Amino acid sequence: ALQGNNAGALKGVHALVTAGPTREPLDPVRFLSNHSSGRQGYAIADALIKLGASVTLVSGPVALTPPAGADFVPVETARQMLKACEEALPADVFISVAAVADWRPARAATKKLKIKGAGSEHPAMELIENPDILKTIAHKRKNRPDLVIGFAAETHDVEEHAEAKLARKNCDWIVANDVSGDVMGGAENEIVLIMRDRSERWPRMGKEDVARQLATRIAVTLGDGGAGAKL
Ligand code: CTP
Ligand code: CA
């Protein structure tokens, strides 16, 4: 286990992190997206770098400066995010913090949609499913990272929903976020860390503290032989 000075605990480890929302175009000036400040993902990337990891940060559009030292890959759509993640493999650990849009408009117009005038019909938007990036990476036969960590924002039955997600997406851990309160876009998070055989509720703390604690746990786990090993 890690003790004292942790700097260098993740030396030689490649971490792939997604953060922020995705944007799914409807036409050149309109898009469908999710709420996401990117703050938790960027803090995790930063905490991993501080432990010596080499970090690829694949990020949707946010108003943050990428952490110094990150290999930064800006993207917009879920499909671009998946492609960038696949190109960044192999990685030892994948942390999927991005708020990926579950659906995208079935068709993106190449020209701006125009209002047709009073009394005309309003346009209908057909949605189709986006790829699930976490699920795709976690199910890779070749190149599956040793440790795959998903996030889950839940408003109710937090542990139950998160455990189901862990199984469905073949993750090793799910960081379940209780968003019933006021954490969305805020400075703090209240999380339950779900592992395959147990879970832990962490006290409410700043997103930077969540990031540091998580980075330390990742270092301990990879150092002890991966998610299959007992801590
Ligand atoms: N995720 C992803 N690609 C998607 C959707 C989600 O990589 N197309 C990832 C997120 O980054 C997160 C995890 O999957 O790590 C869970 O996302 P969440 O939205 O909570 O779960 P969903 O499976 O999309 O289910 P729902 O939104 O219905 O709760
Ligand atoms: Ca979702």
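Keep in mind that this is a model prediction, so the values were computed, not measured.

Quick notes on the overall build of the protein chain
Thinking step 1. A tally of helices and strands in the protein chain yields 5 helices and 14 strands.
Thinking step 2. Relative to a compact globule of 231 residues, whose C-alpha radius of gyration would be 17 Å, the protein chain shows 19 Å and is just as compact.
Thinking step 3. Relative to its 231 residues, the protein chain shows a buried fraction of 39%.
Thinking step 4. A sequence separation of at least 24 residues applies to 64% of the contacts in the protein chain between residues at least 6 apart.

Topic: the confidence of the model for the protein chain
Thinking step 1. Taken residue by residue, the protein chain gives an average pLDDT of 92. The fraction at 70 or more is 93%.
Thinking step 2. Under the prediction, the complex receives an ipTM of 0.98, its pTM being 0.94.

Quick look at the nonpolar core
Thinking step 1. Ala15, Val17, Ile44 and Leu48 are the most contacted members of the largest nonpolar core, which totals 60 residues.
Thinking step 2. The leading source of residues in this core is helix H5 (residues 207-223), at 7 residues.
Thinking step 3. Contacts of Leu48, omitting those with residues within four sequence positions, involve Leu10, Ala15, Ala53, Val55 and Ala215.

Quick word on the UniProt feature "binding site: CTP" (unreviewed entry) in the protein chain
Thinking step 1. In the numbering used here, UniProt assigns the feature "binding site: CTP" (unreviewed entry) to Asp102, Lys112, Pro131, Asp132, Ile133, Leu134, Phe151, Lys165 and Lys169. On the basis of their most widely separated C-alpha atoms, the annotated residues across 68 residues do not gather in one place, lying as much as 37.7 Å apart.
Thinking step 2. The topology assignment puts Phe151 in strand E9 (residues 147-154).
Thinking step 3. Classification of Phe151 by C-beta neighbours within 10 Å gives buried; the count is 25.
Thinking step 4. Not counting chain neighbours up to four residues away, the residues in contact with Phe151 comprise Ser96, Val97, Val175 and Asn177.
Thinking step 5. Turning to its location among the elements, Lys169 is positioned in the loop between helix H4 (158-168) and strand E10 (173-178).
Thinking step 6. If we skip the residues at most four places from it in the chain, Lys169 touches Leu134, Lys135, Ala138 and Gly150.

Topic: the site of ligand 1
Thinking step 1. Around ligand 1, 14 residues are found, and the nearest of them are Ser96, Val100, Ile133, Leu134 and Gly150.
Thinking step 2. Looking at the shell around ligand 1, the elements that each hand over two or more residues are helix H3 (133-138) and E9.
Thinking step 3. The element that contributes the greatest number of residues to the shell around ligand 1 is E9, accounting for 4 residues.
Thinking step 4. Residue classes in the shell around ligand 1 are distributed as 8 nonpolar, 3 polar and 3 charged.

Topic: helix H1 (residues 39-50)
Thinking step 1. Helix length check: H1, at 12 residues, gives a terminal C-alpha distance of 16 Å against a target of 16 Å (1.5 Å per residue), a fit within 8%.
Thinking step 2. Extensive coverage of H1 is indicated by the burial of 10 of its 12 residues.
Thinking step 3. Here H1 has its buried residues at Arg39, Gln40, Gly41, Tyr42, Ala43, Ile44, Ala45, Asp46, Ala47 and Leu48.
Thinking step 4. One or two positions beyond H1, positive phi appears at Gly52, with a value near 100°.

Description of the sheet that holds strand E6 (residues 93-96)
For sheets, the rule is that strands pair by backbone hydrogen bonds, running either parallel or antiparallel.
Thinking step 1. Strand order in the open sheet made by the 8 strands is E5-E4-E1-E6-E9-E10-E12-E13, with mixed pairing throughout. Sheet topology places strand E5 (71-74) and strand E13 (199-201) at the edges, where each strand pairs with a single neighbour. Strand-to-strand twist of the sheet, defined as the mean angle between neighbouring strand axes without regard to direction, takes the value 15°.
Thinking step 2. Where strand E1 (residues 14-19) meets strand E4 (residues 54-59), 6 bridges bridge the pair, whose relative direction is parallel.

Section: the packing of H1 against H5
Thinking step 1. It is at 8 Å that the axes of H1 and H5 come closest, and there the two elements cross at 45°. On the basis of their axis angle, the class for H1 and H5 is oblique. Considering how the two elements wind past one another, H1 and H5 form a crossing that is right-handed. Contact residues: H1 offers Arg39, Gln40, Ala43, Ile44, Asp46, Ala47 and Leu48, while H5 offers Lys207, Glu208, Val210, Ala211, Arg212, Leu214 and Ala215.
Thinking step 2. Here the contact of H1 with H5 is built from residues that sort into 8 nonpolar, 1 polar and 5 charged.

As for unusual backbone geometry
Thinking step 1. Leu89 connects to Pro90 through a cis peptide bond whose omega is 5°.
Thinking step 2. When you line up the elements, Pro90 lands in the loop between helix H2 (78-88) and E6.
Thinking step 3. If you check the backbone angles, Asn143 has positive phi at about 75° while not being a glycine.
Thinking step 4. Along the chain, Asn143 turns up in the loop between H3 and E9.
Thinking step 5. By the C-beta count within 10 Å, which is 10 here, Asn143 ends up exposed.
Thinking step 6. Unusually for a residue other than glycine, Asp157 sits at a positive phi of about 45°.
Thinking step 7. Mapped onto the secondary structure, Asp157 falls in the loop between E9 and H4.
Thinking step 8. On the neighbour-count criterion, Asp157 (10 C-beta atoms within 10 Å) is exposed.

Cut-offs and rules
Residues numbered from 1 in each chain as written. Chains lettered and ligands numbered in written order. Predicted model: local features only at pLDDT ≥ 70, side-chain atom pairs only at ≥ 80, totals over all residues. Helix = DSSP H or I, 4+ residues; strand = E, 2+ residues; numbered from the N terminus. Rg over C-alpha atoms; globule rule 2.2 N^0.38 Å. Buried ≥ 20, exposed ≤ 12 C-beta atoms within 10 Å, placed from the backbone. Contact = placed C-beta atoms within 7 Å. pLDDT = per-residue confidence, 0-100. Core = buried A, V, L, I, M, F, W, Y, C linked by C-beta atoms within 7 Å. UniProt positions renumbered as here; feature names shortened; annotations may be inferred. Near = placed C-beta within 6 Å. Nonpolar A, V, L, I, M, F, W, Y, C, P; charged D, E, K, R; others polar. Expected span 1.5 Å × (residues − 1). Pairing = 2+ DSSP bridges. Axes fitted to C-alpha atoms, helices over the stretch in contact; angles between N-to-C directions. Parallel < 35°, antiparallel > 145°, perpendicular 65-115°, else oblique. Left-handed = near helix turned anticlockwise from the far one by under 90°.

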